[in-house]
There are 2 protein chains.
Amino acid sequence: MEPIFSVALVHYPVYNKHREVVTTAVMNLDIHDIARSSRTFGADRYYIVTPVEEQQKLVQKILLHWQSGWGAAYNPKRKAALDIVSILPSVSDALEDMETRGGRKPKVVVTGASTHSNSISSAEFTQEMREGNQSFLLLFGTGWGMTEELFDSADYVLEPIMGVGAYNHLSVRSAVSIYMDRLFGRR
Amino acid sequence: MEPIFSVALVHYPVYNKHREVVTTAVMNLDIHDIARSSRTFGADRYYIVTPVEEQQKLVQKILLHWQSGWGAAYNPKRKAALDIVSILPSVSDALEDMETRGGRKPKVVVTGASTHSNSISSAEFTQEMREGNQSFLLLFGTGWGMTEELFDSADYVLEPIMGVGAYNHLSVRSAVSIYMDRLFGRR
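The structure reproduced in this document is the subject of the present report. Quick caveat, the model's predicted, so the values are computed rather than measured.

1. Comments concerning the overall build of chain A
Each helix and strand in chain A was counted, giving 8 helices and 9 strands. Over its C-alpha atoms chain A spans a radius of gyration of 16 Å, differing by no more than 12% from the 16 Å that the globule rule assigns to 187 residues. If you line up chain A on its principal axes, its C-alpha atoms span 50 × 45 × 35 Å. Long-range pairs, those at least 24 residues apart, make up 79% of the contacts in chain A between residues at least 6 apart in sequence. For chain A, the exposed surface amounts to about 8,500 Å²; the carbon and sulfur share of it is 50%. The average position of the 19 basic charges and that of the 21 acidic charges among the side chains of chain A differ by 9 Å.

Right, here's the structure in full:
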């Protein structure tokens, strides 16, 4: 059985450059790119997490354009991707929504650019995922990454994606795509 | 020995929605995201290919901002990524540049969302890559994909990235990241 999973892009709580906890702005292309990869790799939902009401309204407006506005006819494939997007104020709302939809409490999986003491590899996690009858919420941070509290409270921490040298600064759009390919892609 | 490779984002010749051969516009985030993944996975150069002079100038202006303008001090990691970007009018210019830099003619590798009769898997290509003392130019198309002529003239065609269902519409930014991870990522 394929594991059930959803993806959340976290705009709060994340760090800024000075390691202060902030809310980042939603970026239009994060909606589209991550919806497309989430849909391609079989995510049940793609949650955009922000507590800022104006941002939530802005995302709703963009979704509406592609779901029932002019965009839906112009590019039906984009509509199919954006149909799985939900905008919610917090990570716990996303967890609650998953539980309501699937009838079970999902495990929280976090990812980031640095290694944590309890990190496991994508291969190990894939193994784990296929064993139990679980559902999973994969959290991805914006800005300078999610807070330590989110990392500490997670069920799984995935190892960072490493390239070939010391440079390791992927965009969140790239990181989400690569993690999903590693966990769910067919080869 | 690590294989030498570069990446090119092709804005011409590509198809539009109606399968006419067109030149697409350069998108700001394509410069940044693909520079960051190219740098992370060890590409020698990231070529942005467009014959349109105004677009070339626009890219140069953006690069300058991050390389020596205000952006260079604000985000030195972005500078490091953008240092490998070159903007060139055609794919053959990119090949020539690689040959000048590396002293050998690179093999051309194309990627796309549909399967071709001579497609090989990323795993097969990785094998091939590690065997010879070659360099490679990976071509990625914008718009509705690169022309058949480009596919026909390539040395290697890589299989498309498949998700879990019928939906398979990744952004080019996602596709580039996933291919590079498959070919060059450490696990």
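2. A few points about the interface of chain B and chain A
How big an interface is tends to be stated in terms of the accessible area lost upon association of its parts. Of the residues lining the interface, 35 residues belong to chain B; the matching set on chain A comes to 35 residues. Here chain B packs against chain A, burying approximately 3,400 Å² in sum over the two surfaces, 53% of which is carbon and sulfur. For the chain B face of the interface with chain A, the top three residues by lost area are Thr40(B), Tyr167(B) and Arg186(B), together amounting to 21%. Run the count over chain B and chain A and you get 4 salt bridges.

3. Describing the pairing of strand S4 (residues 46-49) of chain B
Residues and elements named next belong to chain B. Both faces of S4 are covered, namely the face carrying Tyr46 and Ile48 and the face carrying Tyr47 and Val49. Bridge count for strand S1 (residues 4-10) against S4 is 4 bridges, and the pairing is parallel. By the bridge assignment for S4, Ala8 is matched with Tyr47. Note: S4 against strand S5 (residues 85-88), 4 bridges, orientation parallel. Within S5, the residue paired with Ile48 across the bridge is Ile87.

Rules used in this analysis
Residues numbered from 1 in each chain as written. Chains lettered and ligands numbered in written order. Predicted model: local features only at pLDDT ≥ 70, side-chain atom pairs only at ≥ 80, totals over all residues. Heavy atoms only, no water. Helix = DSSP H or I, 4+ residues; strand = E, 2+ residues; numbered from the N terminus. Rg over C-alpha atoms; globule rule 2.2 N^0.38 Å. Contact = heavy atoms within 4.5 Å. Areas by Shrake-Rupley, 256 points an atom, 1.4 Å probe, with all protein chains shown as cover. Lys, Arg positive; Asp, Glu negative; His and termini not counted. Charge placed at Lys NZ, Arg CZ, Asp CG, Glu CD. Buried area = accessible area lost by both parts, 1.4 Å probe. Salt bridge = Lys/Arg side-chain N within 4 Å of Asp/Glu carboxyl O. Buried < 20%, exposed > 50% of the residue type's maximum accessible area, 1.4 Å probe, protein only. Pairing = 2+ DSSP bridges.

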